[in-house]
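Listed below are the residues making up each chain.
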Amino acid sequence: MRAVIQRVTKASVTVGDEQISSIGRGICVLLGISVEDTQKDIEYMVRKILNLRLFTDESGKPWCKSVMDKQYEVLCVSQFTLQCVLKGNKPDYHMAMPSEQAEPFYNNFLQHMRKAYKPELIKDGKFGAYMQLNIQNDGPVTIELEPPASTADPKLLSKLEKQQQRKEKTRTKTQSESSREKSVPRSKDDPSASSGAEGDVSSEREP
């Protein structure tokens, strides 16, 4: 799970020509759900999001109060693109939880938010819809949040670790081959041999 949390003066969600949600001062939470997320991740993220100290206290001291302390609103929007993995320049979303599983998972997340705070202050978008977000970031203040790795699926972590090991082996092999090529001496008759910088031709050799 990955969340982008923005401190806002106001935010709203529109689907088509209809505004379906809006909040005043508070936080906007863009949430990307991944294939390995668990109930523990929901509990961790809800606790951290609601207790992030993003606001000033009564004396004006910054970073002292949470959204709950200030009784501000929260707008949550499901955003699978946060689970993007780039393949070259093309986004790939295989790490995002499929929508038929992600929707009940997201609703469970919202239920936990409303149970932990005041339900009337928790707003959301429309799952799976093409939405337009109007976010007025206050600061700007933007926080990225993920659950600790220990709560993730051990099988997935093992898979990712093996992928990283294969990448490192491939990189090491490529560097080794490149070093061997550089160490091979070039023949004097080799037309590609050069006594100077590449592309540099001494004026003494000109006819």
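Residues numbered from 1 in each chain as written. Predicted model: local features only at pLDDT ≥ 70, side-chain atom pairs only at ≥ 80, totals over all residues. Heavy atoms only, no water.

A. Representation of the nonpolar core within the structure. Ranked by internal contacts, the top residues of the largest apolar core, which has 32 residues, are Ile5, Ile27, Met45, Ile49, Val74, Phe109 and Met113. Those elements giving two or more residues to this core turn out to be strand E1 (2–15), strand E3 (26–32), helix H1 (39–51), strand E4 (73–78), helix H3 (99–116) and strand E8 (131–145). Beyond its immediate stretch of four places on either side in the chain, Ile49 contacts Ile5, Ile27, Val29, Phe109, Met113 and Leu145. Listed in part, the 11 residues of the second largest apolar core include Val4, Val13, Ile23 and Leu75. (Core = buried A, V, L, I, M, F, W, Y, C linked by side-chain atoms within 4.5 Å. Buried < 20%, exposed > 50% of the residue type's maximum accessible area, 1.4 Å probe, protein only. Helix = DSSP H or I, 4+ residues; strand = E, 2+ residues; numbered from the N terminus. Contact = heavy atoms within 4.5 Å.)

B. Summary view of the packing of aromatic side chains. Inspection of every chain in the model, using the stated rule, returns 4 aromatic pairs. Taking 5.1 Å as the distance between ring centres and 80° as the angle between the ring planes, the aromatic pair formed by Phe80 and Tyr93 counts as edge-to-face. In this pair, Phe80 is assigned in the loop between E4 and strand E5 (85–87) and Tyr93 in the loop between strand E6 (90–92) and H3, connecting sequence segments 13 residues apart. Exposure remark for Tyr93: the relative accessible area of 31% places this residue in the partly exposed category. Ring centres of Tyr106 and Phe127 lie 6.0 Å apart, and the angle between their planes is 35°; on these two criteria the pair is classed as tilted. (Phe/Tyr/Trp six-rings, centres within 6.5 Å; stacked < 30°, edge-to-face > 60°.)

C. Representation of the layout of surface pockets in the model. In this structure, the second largest pocket encloses a volume near 380 Å³. Lining of the second largest pocket is provided by 19 residues; of these, Ser78, Gln79, Phe80, Ala129 and Met131 occupy positions nearest its centre. (1 Å grid on protein atoms, 1.4 Å probe; cavity = no way out; pocket = protein on both sides within 12 Å on 5 of 7 lines; lining within 4 Å. Points joined across faces, edges and corners; volume = space filled by probe spheres on them.)

D. Inspection of the pattern of salt bridges at higher detail. The final tally for this structure, using the stated rule, is 6 salt bridges. For Glu146, the salt bridge identified is with Arg2, shortest N-O distance 2.8 Å. Of this pair, Glu146 sits in the loop between E8 and helix H4 (154–183) while Arg2 sits in strand E1, placing them 144 residues apart in sequence. In this structure, Arg114 engages Asp124 in a salt bridge whose closest nitrogen and oxygen atoms are separated by 3.6 Å. (Salt bridge = Lys/Arg side-chain N within 4 Å of Asp/Glu carboxyl O.)

E. Structural detail: empty space enclosed by the protein. With the rule as written, the count across this model stands at 1 cavity of 30 Å³ or more. Computed from the structure, the largest cavity encloses a volume of approximately 30 Å³. Here the lining of the largest cavity takes 3 residues from E4, the largest share from any one element. A breakdown of the residues in the lining of the largest cavity according to their chemical character gives 5 nonpolar, 2 polar and 2 charged. (Nonpolar A, V, L, I, M, F, W, Y, C, P; charged D, E, K, R; others polar.)

F. Just the pairing of E4, in detail. Of all 6 residues in E4, 6 are buried; the element is thus mostly enclosed. Because side chains alternate across E4, one face comprises the buried residues Glu73, Leu75 and Val77, and the other comprises Val74, Cys76 and Ser78, equally buried. For E3 and E4, the ladder comprises 6 bridges, and the chain directions are parallel. Its bridge partner lying in E4, Gly26 is registered against Glu73. By the bridge criterion, 3 bridges tie E4 to strand E7 (residues 122–124) in an arrangement that is parallel. (Pairing = 2+ DSSP bridges.)

G. H1, seen in detail. In a regular helix each residue adds 1.5 Å, so 13 residues correspond to 18 Å; H1 covers 19 Å between its end C-alpha atoms and thus fits that length. Burial in H1 covers these residues: Asp41, Ile42, Tyr44, Met45, Val46, Ile49 and Leu50. On its buried side, H1 packs onto E1, E3, helix H2 (67–70), E4, H3 and E8. (Expected span 1.5 Å × (residues − 1).)

H. Looking closely at the environment of Thr56. With respect to the helices, strands and loops of the structure, Thr56 is situated in the loop between H1 and H2. Through-space distance from the C-alpha of Thr56 to that of Lys70 is 9.1 Å; in sequence the pair is 14 residues apart.

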